[in-house]
Amino acid sequence: MNEKELRKLSRMDLLELLIMEGKKNRQLQEEIEKLKEELQNKQILIRESGSIAEAALKLNGVFEAAEAAAKQYLENISRVEERMDEIKK
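In what follows, the accompanying structure is described. As the structure is a prediction and not an experimental result, all values here were calculated from the model.

The number of helices and strands found in the protein chain is two helices and zero strands. Based on the C-alpha atoms only, the size of the protein chain along its principal axes is roughly 120 × 15 × 5 Å. The buried share of the protein chain, taken over its 89 residues, is 0%. Roughly 8800 Å² of accessible area belongs to the protein chain as shown, and the carbon and sulfur atoms make up 58% of that amount.

Let us now look at the pattern of salt bridges. Considering all chains together, one arrives at three salt bridges under this definition. The partner of E3 in a salt bridge is R7, with the nearest N and O atoms 2.8 Å apart. Placement of the pair is E3 and R7 together in helix α1 (residues 3-8), with a separation of four residues, close to one helical turn. With a shortest N-O distance of 3.8 Å, E21 and K24 are connected by a salt bridge. Note that E21 and K24 are positioned in helix α2 (residues 11-88) at a spacing of three residues, about one turn of the helix.

This part is about a nonpolar patch on the surface. Together, M12, L15, L18 and I19 line one region of the surface with nonpolar side chains, adding up to about 420 Å² of accessible area. When its relative accessible area of 44% is taken as the criterion, L15 is described as partly exposed.

Attention now moves to a negative patch on the surface. A grouping of E81, E82, D85 and E86 is seen on the molecular surface, where their side chains present a negatively charged patch. With respect to the element layout, E86 can be found in helix α2. Looking at E86, the relative accessible area reads 60%, which means it is exposed.

With respect to the secondary-structure elements, R47 resides in helix α2. Relative accessible area serves as the criterion here: at 55%, R47 is assigned to the exposed category. As for R47 and Y73, which are separated by 26 residues in sequence, their C-alpha atoms are 39 Å apart.

Rules of the game
- Residues numbered from 1 in each chain as written.
- Predicted model: local features only at pLDDT ≥ 70, side-chain atom pairs only at ≥ 80, totals over all residues.
- Heavy atoms only, no water.
- Helix = DSSP H or I, 4+ residues; strand = E, 2+ residues; numbered from the N terminus.
- Buried < 20%, exposed > 50% of the residue type's maximum accessible area, 1.4 Å probe, protein only.
- Areas by Shrake-Rupley, 256 points an atom, 1.4 Å probe, with all protein chains shown as cover.
- Salt bridge = Lys/Arg side-chain N within 4 Å of Asp/Glu carboxyl O.
- Patch = residues over 30% accessible without salt bridge, like charges linked within 9 Å, V, L, I, M, F, W, Y side chains within 5 Å.
- Lys, Arg positive; Asp, Glu negative; His and termini not counted.
- Charge placed at Lys NZ, Arg CZ, Asp CG, Glu CD.

Distances and angles like these do not, on their own, reveal function.
Following this line, the structure appears as structure tokens:
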């Protein structure tokens with residue numbers, strides 16, 4: 001609506017327009033708040049997924065170290081058994 005059309009409106013019409021614009025403004029503010037909350041939730045999910053990925057990588061390192069330790073333990077047992085066999089001969 002242009003300025004000329006606004007000047008032709010009565011006070012009552014102008015008040016109704018103002019009320020409608022106020023309602024639209026409130027609705028838009030509520031929508032903005034809702035979108036901000038959704039964005040924050042998504043950012044938290046992204047951060048947490050990064051943390052989960054890091055934890056998985058760290059766990060992989062732990063498992064690799066445990067596997068290496070178990071392998072070394074088994075090798076040592078094999079050596080001890082070989083020595084025992086040599087001593088028995």
